[in-house]
Amino acid sequence: MSLVYEGYERQYCELSANLSRKCNSAATLPDGEKKKQEISELQAGLDDADVLIRKMDLEARSLQPSVKATLLAKLREYKSDLNKLKREVKKLTMPNSNQPAHEELLESGMAGGHEASANQRDRMAMSTERLNQSTDRIRESRRAALETEELGVSILEDLHQQRETLLHSHRRHVY
């Protein structure tokens, strides 16, 4: 395995553990400046982690095929973990303090005993749920497309390397 890759991997693992701890501590903070600062630090850390993963990916693709396959499998796990962290940070950015006010407004409409308000609330909740599901499907489709693209690039690189090997062998036998 490449020393460069190992260095990136070590940095990523340390950063990932650090981000996970920060995310857990930020979740306990009340909404305010301190929480906003923690979230912005988390987002900067996530950007750094993305960069490290890209560097590991490039380094892994430059190695021998036998080593490359195991490293790319590890990278997929790292990407999955990073995506989980991104989702957790996104949850932190959603204003929890507005949630009770939102619920209060919805309930106040029902206080008058209006059946239409309850129906509207149910329809809004269903629409929101469908929208969230669609968003998740789009994200998953994008992730799958990116993985497929990465796999295609890897296959093309392998084919190019095999072509070069065959051409080199052919030249040696012809001359």
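Residues numbered from 1 in each chain as written. Predicted model: local features only at pLDDT ≥ 70, side-chain atom pairs only at ≥ 80, totals over all residues. Heavy atoms only, no water.

### Topic: the overall build of the chain
- Within the chain one finds 5 helices and 0 strands.
- Start at the N end of the chain and walk to the C end: the helices and strands fall as α-α-α-α-α.
- In the chain, which comprises 175 residues, the share counted as buried stands at 21%.
- Counting contacts in the chain only where the partners sit at least 6 residues apart, residues at least 24 apart contribute 71% of the total.
- When the accessible surface of the chain is totalled, it reaches about 12,600 Å², and 55% of it is carbon and sulfur. (Helix = DSSP H or I, 4+ residues; strand = E, 2+ residues; numbered from the N terminus. Buried < 20%, exposed > 50% of the residue type's maximum accessible area, 1.4 Å probe, protein only. Contact = heavy atoms within 4.5 Å. Areas by Shrake-Rupley, 256 points an atom, 1.4 Å probe, with all protein chains shown as cover.)

### Topic: the side chain of E59
- Within the secondary structure layout, E59 lies in helix α2 (residues 33-61).
- No salt bridge forms around the buried E59; measuring N to O, its nearest opposite-charge neighbour K55 is 10 Å away.
- Ignoring sequence-local partners within four residues, the contact set of E59 consists of S2, V4 and Y5. (Lys, Arg positive; Asp, Glu negative; His and termini not counted. Salt bridge = Lys/Arg side-chain N within 4 Å of Asp/Glu carboxyl O.)

### What about the side chain of S154?
- Following the sequence through the fold, S154 ends up in helix α5 (residues 115-174).
- What S154 contacts, discounting residues up to four positions off in sequence, is R61, K68 and L72.

### Focus on the nonpolar core
- Membership of the largest hydrophobic core comes to 23 residues, with the highest contact counts inside it found for Y12 and L75.
- Broken down by secondary-structure element, the contributors of at least two residues to this core are α1 (3-28), α2 and α3 (65-93).
- With sequence-adjacent residues up to four places away left out, Y12 is seen in contact with A49, L52, I53, M56, Y78, D81 and L82. (Core = buried A, V, L, I, M, F, W, Y, C linked by side-chain atoms within 4.5 Å.)

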